[in-house]
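Letter by letter, the chains look like this.
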Amino acid sequence: MKPNREPLISVVLPTYNVVQYLQQCLESVAAQTYHNIEVIIIIDGATDGSYEIAQDFCKTDSRFSVYWQENAGSGPARNNGLAHCQGEFVMFVDPDDWIEPQLLEKLYEAQREGDYDLVASQRIFVTCNEDGHIIRFNKKQYVDEAITEQQNVRMAYMRMLEKGVVSNPTQKLYKLSLIRKHNVCFPPLWRSQDVAFNRQYYNHIRSLRLISYSGYYYRLGLNHADKTPSNYVETICQLYNDCKTMYEGWNIKFPEQQMCNFFFRARVYSHLQKAASQDWNIAEVVEVPVIWNITEKAQPKTWHLKITKYLILTHSYRLLKWFLRAVRFFKLRVLRVTRVQGELK
């Protein structure tokens, strides 16, 4: 591919205290077969030497630049990166992940086939042990799909949410012009700011493309601190209400049943697990009107979600806390066994 005839693609890389993985990540971005790129590294108050590594790397490749900011979280770091972008398109990469050389080229080739507003690929999930060593790869793929015309795109939002297309911001190609025209940004949240960003962006697109190629390696099992705040329930309510408002603005019937199923499974249950492990007040989570409505209307299919719903609706909060802790303990034991088996292979 001839770099001078292709549009500039910006790559935004927010970085905080993952120094052991940063060099691999930077090298994988530099090795892209699509050469006409600029890479914006935002050091989000890192204290582990990441800034120095990024500075040294920038000296070896003029396409890379690095900026420092006080620690504010990945959302504000990505916003800072967007402010420095000069490209026609932008892709986000996290510093503890890495990408295959063809990823950007594959995304751009798909984009130019129909001038799509959003192009998305899946991830390769990398299971790591407690020391960060890789023990297994699990490759996920989308089925190739193109959706055109704004009404069709909007009707597909619920399906895209369930498929994970509009969750994380990585392994996707966005149009920078749309981001700036509609002031799309990451809100200052410690969790789910990427979901909010994608919802904002999706609200303005008229076409999207999914590709079956997977070239983004996403590390699982790293010992990152869980910064989920106790008031994350407010974020869940905001996300749910924002989706409802978006559908109203589209003049499309809100898929309440499907949305409640998704939020109960992907948001409420995970926060309840955190609440149980930290001994937070369960009632303060589930008795919030929006959360209660989600729980009442949800129709969970798995046994642990069915039991969770029953215990909530019967106000059996002490038993619910015990149950959530037991499920978490069991899952951790299974995960440890899986890791040991992977290390022995």
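Residues numbered from 1 in each chain as written. Predicted model: local features only at pLDDT ≥ 70, side-chain atom pairs only at ≥ 80, totals over all residues. Heavy atoms only, no water.

1. Concerning unusual backbone geometry
One non-glycine residue, E149, lies in positive phi territory at about 75 degrees. With respect to the helices and strands, the residue E149 is situated in the loop between β8 (145-148) and α5 (150-155). (Helix = DSSP H or I, 4+ residues; strand = E, 2+ residues; numbered from the N terminus.)

2. Overview of helix α1 (residues 19-30)
The terminal C-alpha atoms of α1, which comprises twelve residues, lie 17 Å apart, in line with the 16 Å expected from a rise of 1.5 Å per residue. For α1, the set of buried residues is Y21, L22, C25, L26, S28 and V29. End-on view of α1: buried residues confined to an arc of 160 degrees, all on one side of the axis. (Expected span 1.5 Å × (residues − 1). Buried < 20%, exposed > 50% of the residue type's maximum accessible area, 1.4 Å probe, protein only. Arc of directions from axis to C-beta.)

3. Observations concerning the nonpolar core
Among the nonpolar cores identified, the biggest contains 73 residues, and V90, Y157, I179, Y202, L208 and M259 are the most heavily contacted of them. Not counting residues within four places of it along the chain, the set of residues in contact with V90 comprises S10, V12, L82, C85, K172, L173, Y174, L176 and I179. With 33 residues, the next largest nonpolar core counts V29, I43, F57 and V66 among its residues. (Core = buried A, V, L, I, M, F, W, Y, C linked by side-chain atoms within 4.5 Å. Contact = heavy atoms within 4.5 Å.)

4. A look at the pairing of strand β6 (residues 118-128)
The two faces of a sheet get side chains in turn, since along a regular strand they alternate between them. Across the eleven residues of β6, eleven count as buried, placing the element largely inside the fold. Where β6 lies against strand β9 (residues 172-175), three bridges are found, and the strand directions are antiparallel. Residue pairing in the sheet places V119 in a bridge with L173 of β9. With nine bridges connecting them, β6 and strand β10 (residues 207-220) associate as parallel partners. Along β10, the bridge assignment pairs T127 with L220. Bridge analysis of β6 against strand β7 (residues 134-139) gives five bridges, and the strand direction is antiparallel. In the strand pairing of β7, V126 is matched with F137. (Pairing = 2+ DSSP bridges.)

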